[in-house]
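Structure assessment
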There are 2 protein chains.
Amino acid sequence: MTPSTLERQLAFLREIDRLKSVVRLSPLIDGSRRENSAEHSWHLAMYALVLAEHAAGTVDVQRVVKMLLIHDIVEIDAGDVPFHVPATHAGQDERERLAAERLFGLLPEAQAAEFRELWFEFEAAESDDAKFAKALDRFQPMLHNAATDGGTWVECAVTLEQVTTRCRPPIERGAPALWEAAAGMAEAHYRKHSPQD
Amino acid sequence: MTPSTLERQLAFLREIDRLKSVVRLSPLIDGSRRENSAEHSWHLAMYALVLAEHAAGTVDVQRVVKMLLIHDIVEIDAGDVPFHVPATHAGQDERERLAAERLFGLLPEAQAAEFRELWFEFEAAESDDAKFAKALDRFQPMLHNAATDGGTWVECAVTLEQVTTRCRPPIERGAPALWEAAAGMAEAHYRKHSPQD
Ligand SMILES: [Ca+2]
């Protein structure tokens, strides 16, 4: 007997519970532990709802929310690769593509296709919605680093120049005002902790 | 100097990071630990996206998603009260109302008002959107209990009759097909673990 629509949907919803066990390098703001990718996805969806007016282009906020809710689900199979650890990035695109096939493929076909396309759109970062979503995904960890006396900036021993090179383009392209705020936070951190002090 | 719109928005987004530290009684599906309210909110938003076709009324899915993303934020101040521990429920409505005032009040006024109203609508559970959102909030823990050999049903020593009395009305009202599925899971659990065996 083939599983019913509802059975396939519930199988998917059970499977993605595993995103709660994918641990990112980023700390919580209180420094008590690292963030997991499920709660990170919730937080980013809230960022989209609250910060939509700062998007560079004309965005459909509800679509951005949806994109951010699903953007990390591939990590259940592919794992999280820390942004500031480039050595881990090789082969990740292919691992994530396979993960998207398998995980979204648990759903009834029409939903599977919709989620796959939305995820590809996010990854491509070309539409206004995707550019804003990507900007938020890069912006949120900067807030956490600034709030925890350095977070992954310290842990990965990155310089202000590296932070700027890596974070400015994706954030500025999707939300210029957020890059301005983030740059201010990063500069304040590095000023306080510069090697010359 | 009064804080700018962006500063108020970022203060709110920093503050709600604390929802990741509000721990619910419900287990993760792999049983490894309890679920927190932030990742729970992410999971419920995914439930809304995937299960919308099973809603009893005509729902605006994007509004239901938004409602579920914010529905537990009050727990930052008010704490989570376990559904199957009625003794903890006294005074919770008032604690949550005060929490909604304070937490959403961190935002610029128009956004604060919008989130407060959406949260009140969820709590009232009268609109079709809110009925569906509430149904999902009651349905998801049943899946986790069924998947973990009882979860909070065992931990709180509730009977099948209590589960039915407490869960059937809110779930059936918002999503009848989901109550049918949940009842099947609960019955299977209690059949396997009935005292007579
Ligand atoms: Ca709750």
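Read on for an overview of the structure.

What counts, and where the lines are drawn
- Residues numbered from 1 in each chain as written.
- Chains lettered and ligands numbered in written order.
- Predicted model: local features only at pLDDT ≥ 70, side-chain atom pairs only at ≥ 80, totals over all residues.
- Heavy atoms only, no water.
- Helix = DSSP H or I, 4+ residues; strand = E, 2+ residues; numbered from the N terminus.
- Buried < 20%, exposed > 50% of the residue type's maximum accessible area, 1.4 Å probe, protein only.
- Contact = heavy atoms within 4.5 Å.
- Areas by Shrake-Rupley, 256 points an atom, 1.4 Å probe, with all protein chains shown as cover.
- Lys, Arg positive; Asp, Glu negative; His and termini not counted.
- Charge placed at Lys NZ, Arg CZ, Asp CG, Glu CD.
- Buried area = accessible area lost by both parts, 1.4 Å probe.
- Salt bridge = Lys/Arg side-chain N within 4 Å of Asp/Glu carboxyl O.
- Donors = N, O, S within 2.8 Å, 3.2 Å for Na, K, Ca; no water.
- Expected span 1.5 Å × (residues − 1).
- Bend = angle between axes of the 7 residues up to and from the residue.

A closer look at the overall build of chain A
Secondary structure summary: chain A contains 10 helices and two strands in total. Listed N to C, the secondary structure of chain A is α-β-β-α-α-α-α-α-α-α-α-α in terms of helices and strands. Referenced to the eigenvectors of the C-alpha coordinate spread, the extents of chain A come out at roughly 70 × 35 × 30 Å. The burial tally for chain A puts 54% of its 197 residues in the buried class. Relative to all contacts within chain A whose residues are 6 or more apart in sequence, the contacts with residues 24 or more apart total 67%. Put simply, chain A shows about 8200 Å² of open surface, and 52% of that area lies on carbon and sulfur atoms. Averaging the coordinates of the 21 positive side-chain charges in chain A and doing the same for the 32 negative ones gives two points 3 Å apart.

Some thoughts on the interface of chain A and chain B
Listed by partner, the interface residues are 49 residues for chain A and 49 residues for chain B. Summing both sides of the interface, chain A and chain B together bury roughly 3900 Å²; the carbon and sulfur share of this comes to 70%. The largest per-residue losses of area from chain A upon contact with chain B belong to A:Leu13, A:Lys20 and A:Trp42, which jointly make up 19% of the total buried on that side. At the junction of chain A with chain B, the criterion picks out two salt bridges.

Brief notes about the coordination of the calcium ion
All of the protein donors around the calcium ion are B:Asp72 (OD) and B:Glu75 (OE); their distances to the metal are 2.5 to 2.8 Å. B:Glu75 matches B:Asp72 in its accessibility class, with the two residues each being buried.

Quick look at helix α9 (residues 160-174) of chain A
Since the α-helix packs 3.6 residues into each turn, any two residues three or four apart lie on the same face. All names here are of chain A. Relative to the 21 Å expected for 15 residues at 1.5 Å per residue, α9 spans 21 Å between its end C-alpha atoms, a close match to the ideal helical length. The axis of α9 is deflected most strongly, by about 45 degrees, at Arg168, and proline Pro169 appears within four residues downstream. Within α9, burial applies to Val163, Cys167, Pro170, Ile171 and Gly174. In this fold, the buried residues of α9 make contact with α7 (128-147), α8 (151-155) and α10 (176-192).

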